[in-house]
Amino acid sequence: MRTPPPTARRSGRSSLRLAVGDVVVYASHGIGRIESTHDAEGVEPAKIIFLLESGLRVTLRLAQAREALRSLSGERELEDVRLTLRENVAPSGEPWSRRRRFAQEKLAAGEIAGLAEIVRDGLERERRLTTTSKKPLANELFRQARKLLTAEIAECRGIEPEAADAWVLRQVVGV
């Protein structure tokens, strides 16, 4: 299943409310909380400042923020994530470079459904490879997508990231 290009998904983001204290998701960077907003002054455009979980403080022009940020997922999106993780997808016959490019696009878009697809495919690939070899799969895109996915699930459900990761594993493995 291929995720639509980022421009198609972002069209509804312009209505995103960006107020101090709001929790937002910044594509492949993760979850943050809006610290302050600044109205336009003279030639300076309106902007917001938010703090990511990593400690990185980001300043974006308001117009840019409306395109780059999205609100935290809700239970409906988490149900879609659950279904995606449980989906039994045949191994892709596409070349490694093409699979990597698609995963990079999904990670850059930062949509929770795309992250779930990367994680599902990565866990399934890891499971297949570790049954034939004892070497674990080392894929930075997969690890980053898993980290972002579990962080958002944890924030949405008010649980620890470890508990969210265990939930993800249960969905994929079917335990």
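You'll find the structure just up there.
Throughout what follows, the structure given in this document is the object of discussion. (Residues numbered from 1 in each chain as written. Predicted model: local features only at pLDDT ≥ 70, side-chain atom pairs only at ≥ 80, totals over all residues. Heavy atoms only, no water.)

## Regarding the packing of aromatic side chains
Counting across every chain of the model gives one aromatic pair. Across from the ring centre of Trp-167, 5.0 Å away, lies the NZ or CZ of Arg-157, which sits over that ring. (Phe/Tyr/Trp six-rings, centres within 6.5 Å; stacked < 30°, edge-to-face > 60°. Lys NZ or Arg CZ within 6 Å of the ring centre and 35° of its normal.)

## Considering the layout of surface pockets
Of the volumes computed, that of the second largest pocket is approximately 220 Å³. Along its surface, the second largest pocket is lined by eleven residues, and Arg-70, Ser-73, Glu-77, Glu-111 and Ile-112 are the ones closest to its centre. Elements with a minimum of two residues in the lining of the second largest pocket: β5 (69-71), α3 (75-86) and α5 (112-132). At three residues, α3 tops the list of elements feeding residues into the lining of the second largest pocket. When the residues that make up the lining of the second largest pocket are grouped by side-chain class, the tally is four nonpolar, two polar and five charged. (1 Å grid on protein atoms, 1.4 Å probe; cavity = no way out; pocket = protein on both sides within 12 Å on 5 of 7 lines; lining within 4 Å. Points joined across faces, edges and corners; volume = space filled by probe spheres on them. Helix = DSSP H or I, 4+ residues; strand = E, 2+ residues; numbered from the N terminus. Nonpolar A, V, L, I, M, F, W, Y, C, P; charged D, E, K, R; others polar.)

## Describing the pattern of salt bridges
For side chains of opposite charge, pairing can occur when their charged atoms come near one another. Under the criterion given, the structure shown has 13 salt bridges. With a shortest N-O distance of 3.0 Å, Arg-17 and Asp-22 are connected by a salt bridge. Residue classification places Asp-22 among the buried positions, given a relative accessible area of 15%. Its salt-bridge partner being Arg-101, residue Glu-105 comes within 3.8 Å of it at the nearest N-O pair. Taken together, the positions of Glu-105 and Arg-101, both in helix α4 (residues 96-109) and four residues apart, correspond to about one turn of that helix. (Salt bridge = Lys/Arg side-chain N within 4 Å of Asp/Glu carboxyl O. Buried < 20%, exposed > 50% of the residue type's maximum accessible area, 1.4 Å probe, protein only.)

## Considerations on the packing of α4 against helix α6 (residues 140-157)
Running from amino to carboxyl end, α4 crosses α6 at an angle of 30 degrees, the nearest separation of the two axes being 10 Å. Of the possible angle classes, the one that applies to α4 and α6 is roughly parallel. As α4 packs across α6, the resulting crossing turns out to be left-handed. Facing α4, whose interface residues are Arg-100, Ala-103, Gln-104 and Leu-107, α6 presents Leu-141, Gln-144, Ala-145 and Leu-148. A breakdown of the residues in the contact of α4 with α6 according to their chemical character gives five nonpolar, two polar and one charged. (Axes fitted to C-alpha atoms, helices over the stretch in contact; angles between N-to-C directions. Parallel < 35°, antiparallel > 145°, perpendicular 65-115°, else oblique. Left-handed = near helix turned anticlockwise from the far one by under 90°. Contact = heavy atoms within 4.5 Å.)

## A few points about the environment of Leu-107
Its place among the elements puts Leu-107 in helix α4. When the C-alpha positions of Leu-107 and Ala-27 are compared, they lie 7.4 Å apart, and in sequence the two are 80 residues distant. Filtering out sequence-adjacent residues up to four positions away, Leu-107 remains in contact with Ala-27, Ser-28, Leu-115, Ile-118, Leu-141, Gln-144, Ala-145 and Leu-148.

## With respect to unusual backbone geometry
Backbone geometry at Ala-27 places phi at a positive 30 degrees, although glycine is not the residue there. Of note, Ala-27 is situated in the loop between β1 (23-26) and β2 (30-38).

## A word on the nonpolar core
Core analysis: the biggest nonpolar cluster contains 21 residues, and Val-81, Leu-85, Leu-107, Val-119, Leu-149, Ile-153 and Val-168 have the highest contact counts within it. For this core, the element with the most residues is α6, which contributes seven residues. In this structure Val-81 touches Ile-112, Ala-116, Leu-149, Ile-153 and Trp-167, once residues within four positions along its chain are discounted. If you look at the next biggest cluster of nonpolar residues, it comprises 13 residues, including Tyr-26, Phe-50, Leu-60 and Ala-65. (Core = buried A, V, L, I, M, F, W, Y, C linked by side-chain atoms within 4.5 Å.)

## Focus on the environment of Gly-21
In this fold, Gly-21 is placed in the loop between α1 (6-9) and β1. The spacing of Gly-21 and Phe-50 is 29 residues in sequence and 8.9 Å in space, taken between C-alpha atoms. With sequence-adjacent residues up to four places away left out, Gly-21 is seen in contact with Arg-33 and Ile-34.

## A look at the pairing of strand β3 (residues 47-52)
The sheet contact formed by β2 and β3 spans six bridges and is antiparallel. Within β3, the residue paired with Ser-36 across the bridge is Ile-49. Where β3 meets strand β4 (residues 57-61), five bridges bridge the pair, whose relative direction is antiparallel. Bridging from a neighbouring strand, Lys-47 pairs with Arg-61 of β4. (Pairing = 2+ DSSP bridges.)

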